[in-house]
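Here is what each chain is made of, one letter per residue.
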Amino acid sequence: MCFLLGSCRIFRAWSDSPSLLFLCCSDDPVYMPQTSTLEEYVLNESGRIYYGTETQIGERTWSYGQFDMGVLDACLFMLDRRGMPHASRGDPIMVSRVVSAMVNSLDDNGVLVGNWTGDYSRGTNPSAWVGSRDILLQYHRTGYPVLYGQCWVFAGVVTTVLRCLGIATRTVTNYNSAHDTDVSLTMDIYFDENMKPLENLNADSVWNFHVWNDCWMKRPDLPSGFDGWQVVDATPQESSSGIFCCGPCSVEAIKNGLVYMKYDASFCFAEVNSDKVYWQRQSDGSFKIVYIEEKAIGHLISTKAVGSYKREDVTSLYKHPEGSEEERKAVETAAKHGTKAHIYKNREWGEDISMTVDTQEAYTGQDITLRVHVKNKNNMPRNVSLNLFVAVMYYTGVTASPFKKEQRQVQIPANGTQTVPMLISYAEYKPHLVDQGAMKLSISGKVAETNQVLAKEHTFRLRTPDLTLTLLSPAIVGQEAQVQIVFKNPLPVTLTDAIFHMEGSGLSTPQTMTVGNIGPHQTVKMRQSFTPLRPGRRQLVASLDSPQLSQVHGVLTVDVAPGPTWGHEGSPAPSRASAGLTRDSPGRQPTNRSSPANARASPNAHGSPAGGRRERTGRPV
């Protein structure tokens, strides 16, 4: 089979192993000269996706499966459903823009329904997906959007689709990622006269992390110098010319604050390099800026490294060094095109006192220790009053009401530091915990001697255990093999309705396996069969999901040997489950369950983390 993108014709050939032959010339719009990067960003069928917080980075393996049987048909089905003319399918700018629109279900009944409510009873918890193949095949088979996705799922599917179509693509995570709702290009946080947050006014949010895609192409529609990596984001946050899509946006334009470049540069810039602006309500009802936090947004922008499973930091591609003259110039250049360009003109606050926060790493079920370090840069001692609020939060920055509040009076010696500890017990946070196990500490305060206003937000998360996968028999194409999965419940409560998911490119696996209940601190061991479909090094990815615990993953590298009669790859079909569940206490035999993807979603299903549509510049798809 072949797919024509620009002047690059991609052939899939069957011989001793499946391969892609790239017949690219240097003037091709998706030309990438380095062979090693092509192998990573087009040919690699699995990768790493990063999540968590900047101080507690988590990583999970994702099976892209772009060359599995049926995936190309699903990708072309997406373009057909959007009504994309065949003549436009050689233009990577328009292909990537259509894909960013079609991977979410808003507007056009695309691939995935977004859900950030915490209720996934009608479909699959986004944390339970381990790859793109099952999602795309179900969408093609049923014609209905699949339930459910969040940002890393949208990004994983986009990587699969664009790599399948021959565009070099990678999955990128941005920590402390801003969501600007009013085109101010700042993250505005409002407080009352007593420095208590005014949540009804705080429409902007800072996500613990957000995942999108970089894809490689030339930009003949822009001035010279903006070819190369382009941001594409399929997570439906804000609309672009009336459609929920984002990009492609030049990374070079983002770096230099050129927010008038198409497509959606202002929104992308705010995600990685806006400032946090703290506003306090005055006695007359007006608001005054009391602090601007310049280094709070866009940290540790990460992707999988070429040729290894190490994390590569690509922040320097997106922004100049924090605090440098070039970085400040980019911020102020961007702000001139926002709705609050005046905020950088006059600054009336001093900074004798500064605060930092660190968190002792804890697993779900354990107590958490926080430490607030208050530093005095003055030659005189200072007395500080602090208000501390702790609330659970979704990774999108949306918080519940605080469940723990404390007030502290702190004396800091001249040129010294005082540490303020805070303990959060499992009993305190257990009733409030939501997806990702994330929480936010909000600190506000005032310096008695100078009236300096203090404000700080710190996010942290609870860790979850890993699944342990062990290969029990040789992996040979066409022959059934076995893997053992081991998991220990870290909680002092029973996990109910536990389900395992498995997927791997070039491997035929059962899509879901129901385990049932797992008792407090109980260990379960399960044997499961799978069948290799293609030889070579493969990644078998698994996850566990239950209402009490999610974001539990494991991965096994499998070296598959050719079979004696290996030929064309067959369609992925579920293997039969082996009778192999063991527990510390008696348990029942797990049974295979059809993929939650088999549930047909309503053609009108939709989901977005945004509070409403807001227009961004760019032409319609």
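Up top is the structure these notes are about.
Quick caveat: nothing in here was measured; it's all calculated off a predicted structure.

When helices and strands are counted, the protein chain shows 10 helices and 33 strands. Counting across all 621 residues of the protein chain, residues that qualify as buried make up 59%. Intrachain contacts of the protein chain at a sequence separation of at least 6 include 71% that bridge at least 24 residues. Carbon and sulfur atoms form 49% of the exposed surface of the protein chain, whose accessible area is close to 23,700 Å².

Once that is clear, we can look at the packing of helix H2 (residues 71–82) against helix H3 (residues 92–102). In the contact formed by H2 and H3, the axes pass within 10 Å of each other and the chain directions differ by 90°. With respect to H3, the axis of H2 lies roughly perpendicular. Contacts between H2 and H3 involve Met-78, Leu-79, Arg-81 and Arg-82 on the former and, on the latter, Val-98, Val-99 and Met-102.

Each pocket or cavity is described by its volume, and for the second largest pocket that value is around 770 Å³. In terms of lining residues, the second largest pocket is bounded by 35 residues, among which Asn-125, Ser-546, Pro-547, Gln-548 and Leu-549 are the most central. Of all the secondary-structure elements, those providing two or more residues to the lining of the second largest pocket are strand S26 (495–503), strand S30 (536–546) and strand S31 (549–560). Taken together, the residues of the lining of the second largest pocket sort by class into 13 nonpolar, 15 polar and seven charged.

Our focus in this paragraph is the sheet that holds strand S21 (residues 417–424). Sheet architecture is open: three strands sit in the order S17-S18-S21, paired in antiparallel fashion. Of all strands in the sheet, those bounded by a partner on one side alone are strand S17 (353–359) and S21. Averaged over all pairs of adjacent strands, the angle between their axes in this sheet comes to 20°, without regard to strand direction. Where S17 meets strand S18 (residues 368–376), seven bridges bridge the pair, whose relative direction is antiparallel. What sits directly across from Met-355, in S18, is Val-374.

Spatially, S20-S19-S22-S23 is the arrangement adopted by the four strands of the open sheet, whose pairing is antiparallel. In this open sheet, the two strands that pair with only one neighbour each are strand S20 (404–412) and strand S23 (453–461). With direction set aside, neighbouring strand axes in the sheet form an average angle of 20°.

Turning to the environment of Asn-208, a few remarks are in order. Structurally, the position occupied by Asn-208 is in strand S10 (residues 205–217). Residues Asn-208 and Asn-176 lie 32 residues apart in sequence; the distance between their C-alpha atoms is 5.0 Å. In this view, Asn-208 contacts Gly-52, Thr-53, Asn-174, Tyr-175, Asn-176, Met-393, Tyr-395, Ala-438 and Thr-459; residues no more than four positions away in its chain are not counted. Here the side chain of Asn-208 touches Thr-459 through a polar contact of 3.5 Å, side chain to side chain.

Counting residues in hydrophobic clusters, the biggest one holds 56 residues, and the most contacted among them are Leu-386, Leu-441 and Phe-487. Among all residues touching Leu-386, those that are not within four sequence positions of it are Met-355, Val-374, Glu-406, Gln-407, Arg-408, Val-410, Val-420, Ile-443, Ser-444, Gly-445 and Leu-454.

For the rest of this paragraph, the subject is the pairing of strand S29 (residues 523–532). Along S29, eight of the 10 residues are buried, which leaves the element largely enclosed by surrounding structure. Summarising the sheet, strand S27 (residues 507–508) and S29 pair through two bridges and their orientation is antiparallel. Residue pairing for S29: Ser-508 is matched across the bridge by Thr-531.

The rules behind these values
- Residues numbered from 1 in each chain as written.
- Predicted model: local features only at pLDDT ≥ 70, side-chain atom pairs only at ≥ 80, totals over all residues.
- Heavy atoms only, no water.
- Helix = DSSP H or I, 4+ residues; strand = E, 2+ residues; numbered from the N terminus.
- Buried < 20%, exposed > 50% of the residue type's maximum accessible area, 1.4 Å probe, protein only.
- Contact = heavy atoms within 4.5 Å.
- Areas by Shrake-Rupley, 256 points an atom, 1.4 Å probe, with all protein chains shown as cover.
- Axes fitted to C-alpha atoms, helices over the stretch in contact; angles between N-to-C directions.
- Parallel < 35°, antiparallel > 145°, perpendicular 65-115°, else oblique.
- 1 Å grid on protein atoms, 1.4 Å probe; cavity = no way out; pocket = protein on both sides within 12 Å on 5 of 7 lines; lining within 4 Å.
- Points joined across faces, edges and corners; volume = space filled by probe spheres on them.
- Nonpolar A, V, L, I, M, F, W, Y, C, P; charged D, E, K, R; others polar.
- Pairing = 2+ DSSP bridges.
- Polar contact = N/O pair within 3.5 Å; in protein donor to acceptor, adjacent residues only side chain to side chain.
- Core = buried A, V, L, I, M, F, W, Y, C linked by side-chain atoms within 4.5 Å.

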